[in-house]
Amino acid sequence: MGPHMKRSSTSSLSSSSSSNDSTNYNSSDDSLLLRLQKEAQEISTSEPALSCMLHRTVLHPDATTFEKAVAIAVSHRLSLSVGSTGGGCGSPDLCPNVLQDIFLSAVQSKHKEAGHAIATALAQDALAYVRRDPACDTLLEPILFFKGYAAVVCHRVAHVQWHLSKTENKRKSFVSLWIQSQASSAFGVDIHPAAAIGCGLMLDHATGIVVGETASIGDGCTLLHGVTLGGTGKDKGRDRHPKVGHHVLIGAGTQVLGNISVGDGAKIGAGSVVLRPVPHGTTAVGVPARIVGWAKEKYPGSSVDVRLLDVVSAVGAGDEEDGNDDNDQPAPSLQQEDNGEDGKTVSTESLTTFTSFPSSQSSDQLSSSTSEADSKEEEEHDDEAELQSEQEIELTY
């Protein structure tokens, strides 16, 4: 997108969420199913050792639509992971045939998660891996092997069951909790059934991702392994988890804590701890996370710039690291204005809360505060040395 002084509003990014790196999907369109089953047939022929597994999953006679093929494949994986023999009622907890029926019912339901039909979300999720992950060459791979995709499919099924139970029985669904628990054990991803997740989500590598009960994730996002969207404290029943916007990239090992927002088109660097809201279009990194600049691209969740090379520095550093001179415009100031949600203009003075010091602080004040800090550090060092000396003397006696 370039180092623009103003960013697209939330509504505009949301409306284009299905057009950046995936195609719109209609469950009556069998093009994805044909593609999937063609790939499966080719593998079955070239690698006959996998023929049995393929005919139990995506080539199953009941896999007559793409979403049904996904439901059968992922429920099969989940059944195997909890001790089933893959046929009959071999599972000690839940019969595989019953589990498959639950998955099939959920993917064909009219319930929508974050505004999308489950069938549409499953297709967009699968396409996200094909388009974003350089290691993924076929549609078959995420459906059969990627634990991030399988975990999201399990979540969407649990999400449907959760809301049906809340609507009809006025209580939480224990089937949903069972699916969450088993998916967490099988795939290493823990997503609460009540969390709301948009379409086109890629959980890259996925291991260790945690998404809390009141968290939400927008369309077109990419989360890497070890990401936590966690709460703070024990405020039962309260909105206590992060709200991630559309087209957001969150790097590996990042912890986003509390009921805070991560704006549309934002990027968060690996290993960050985010405790304050991240405005849309900005890039944050560090412990605690601080704003370091603007994201150049419009859809960070699709471009997956994990090294944060496509960032316009908030302090005028520019593109020196990657040598890209295509954007010679001055870096945006922390005092500029930006378009907030719904196109409203908001001041970005709040961005200074992420920097190491307020931009209005004078150099004399900085020198003074630095000297005071150095002096305090020397005093603490002297105290530690004196204490260590005393302890050594005691030991000699």
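Residues numbered from 1 in each chain as written. Predicted model: local features only at pLDDT ≥ 70, side-chain atom pairs only at ≥ 80, totals over all residues. Heavy atoms only, no water.

> So what about the overall build of the protein chain? Which residues, and what values?
Per the secondary structure count, the protein chain includes eleven helices and 20 strands. Within the structure as shown, the protein chain displays about 18800 Å² of accessible surface, and the carbon and sulfur contribution to it stands at 50%. (Helix = DSSP H or I, 4+ residues; strand = E, 2+ residues; numbered from the N terminus. Areas by Shrake-Rupley, 256 points an atom, 1.4 Å probe, with all protein chains shown as cover.)

> Give me unusual backbone geometry: which residues, what numbers.
Among all residues except glycine, the phi angle is most often negative; among peptide bonds, the trans geometry is most common. The omega torsion of the bond from Val287 to Pro288 falls at -10°, within 30 degrees of zero and hence cis. Mapped onto the elements of the fold, Pro288 is located in the loop between β16 (282-285) and β17 (290-295). Here Ala114, not a glycine, exhibits a phi torsion of approximately 50°, which is positive. Tracing the backbone shows Ala114 in the loop between β1 (112-113) and β2 (116-117). Its relative accessible area of 42% is what places Ala114 among the partly exposed residues. Its identity as a non-glycine residue notwithstanding, His247 has a phi of 60°, on the positive side. Turning to its location among the elements, His247 is positioned in the loop between β10 (243-244) and β11 (249-250). (Buried < 20%, exposed > 50% of the residue type's maximum accessible area, 1.4 Å probe, protein only.)

> How would you explain the nonpolar core if you had to name every residue and give the values?
Counting residues in hydrophobic clusters, the biggest one holds 81 residues, and the most contacted among them are Val58, Phe66, Phe103, Leu203, Leu223 and Leu229. Here this core gets nine residues from one element, more than from any other, and that element is helix α8 (residues 147-168). Contact partners of Val58, with chain neighbours within four places excluded, come to Leu36, Gln37, Ala40, Ala63, Ala69, Ala73, Leu140, Ile143 and Leu144. (Core = buried A, V, L, I, M, F, W, Y, C linked by side-chain atoms within 4.5 Å. Contact = heavy atoms within 4.5 Å.)

> Got a sec to walk through the packing of aromatic side chains? Specific residues and values, please.
Each aromatic ring pair is summarised here by two numbers: the centre-to-centre distance and the angle between the ring planes. In the structure shown here, the tally under the stated rule is two aromatic pairs. With 6.0 Å between their ring centres and 90° between their planes, Tyr129 and Tyr149 make a pair best called edge-to-face. Of this pair, Tyr129 sits in helix α6 (residues 118-132) while Tyr149 is found in helix α8, placing the two residues 20 residues apart along the sequence. For Tyr149, a relative accessible area of 1% corresponds to the buried category. (Phe/Tyr/Trp six-rings, centres within 6.5 Å; stacked < 30°, edge-to-face > 60°.)

> Explain the pattern of salt bridges to me, using residue names and the numbers behind them.
Evaluated as defined, the whole model comprises seven salt bridges. Salt bridges sharing common partners tie together Glu113, Asp125 and Arg156. (Salt bridge = Lys/Arg side-chain N within 4 Å of Asp/Glu carboxyl O.)

> Kindly report on the pairing of β17, identifying the contributing residues and their values.
Note that β16 and β17 share four bridges and pair antiparallel. Residue pairing for β17: Thr283 is matched across the bridge by Gly293. Hairpin remark: β16 followed by β17, antiparallel, with four residues in the connecting loop; positive phi at Gly286, about 115°. (Pairing = 2+ DSSP bridges.)

> Please provide a residue-by-residue account of the sheet that holds strand β4 (residues 196-197), values included.
Read across the sheet, four strands follow the order β4-β7-β10-β13 without closing on themselves; strand pairing throughout is parallel. What marks the edges here is a single partner per strand, and that holds for β4 and β13 (261-262). The sheet contact formed by β4 and strand β7 (residues 216-217) spans two bridges and is parallel. Residue Ile197 lies in a different strand from β7, and its bridge partner there is Ile217.

> I'd like a rundown of the environment of Ile179, residues and numbers included.
You can see Ile179 is positioned in helix α9 (residues 174-187). Along the primary structure Ile179 and Ala158 are separated by 21 residues, whereas in three dimensions their C-alpha atoms are 6.2 Å apart.

> Help me get a handle on helix α2 (residues 31-46), residues and values and all.
With 16 residues, α2 extends 23 Å between its outermost C-alpha atoms, agreeing within 8% with the 22 Å of an ideal straight helix rising 1.5 Å per residue. Buried residues of α2: Leu32, Leu33, Leu36, Glu39, Ala40 and Ser44, and no others. Down the axis, α2 shows its buried residues gathered within 140° of arc, on one side only. Structural note: α2 exposes Leu34, Lys38, Thr45 and Ser46 on the side pointing more than 90 degrees away from its buried face. (Expected span 1.5 Å × (residues − 1). Arc of directions from axis to C-beta.)

> Can you break down the side chain of Glu113 residue by residue, with the values?
Following the sequence through the fold, Glu113 ends up in strand β1. Among the residues examined, Glu113 registers a relative accessible area of 1% and is labelled buried. Within the local environment of Glu113, its side chain forms a polar contact with the side chain of Arg156, the two groups lying 3.0 Å apart. Discounting chain neighbours no more than four positions away, the residues touching Glu113 are Ile118, His155, Arg156, His159, Ala195, Ala196 and Ile197. (Polar contact = N/O pair within 3.5 Å; in protein donor to acceptor, adjacent residues only side chain to side chain.)

> Could you give an account of the sheet that holds strand β15 (residues 273-274), naming the residues involved and the relevant values?
Strand order in the open sheet formed by five strands is β3-β6-β9-β12-β15, with parallel pairing between adjacent strands. The sheet is open, and its two edges are formed by β3 (190-191) and β15, each paired on a single side. Pairing of strand β6 (residues 210-211) with strand β9 (residues 228-230) involves two bridges; the strand directions are parallel. The residue bridging Val210 from the neighbouring strand is Thr228, located in β9.

> Let's hear about empty space enclosed by the protein: which residues, and what values?
For the coordinates displayed, the defined rule picks out four cavities of 30 Å³ or more. When its volume is computed, the largest cavity comes out at roughly 60 Å³. If you go around the largest cavity, the residues you meet are Ala151, Cys154, His155, Ala158, Ile179, Gln180, Ala183, Val189, Ile191 and Pro193. Mapped by element, the contributors of at least two residues to the lining of the largest cavity are α8 and α9. Among the elements that make up the lining of the largest cavity, the one with the highest residue count is α8 (four residues). (1 Å grid on protein atoms, 1.4 Å probe; cavity = no way out; pocket = protein on both sides within 12 Å on 5 of 7 lines; lining within 4 Å. Points joined across faces, edges and corners; volume = space filled by probe spheres on them.)

By themselves, these figures tell us nothing about what the structure is for.
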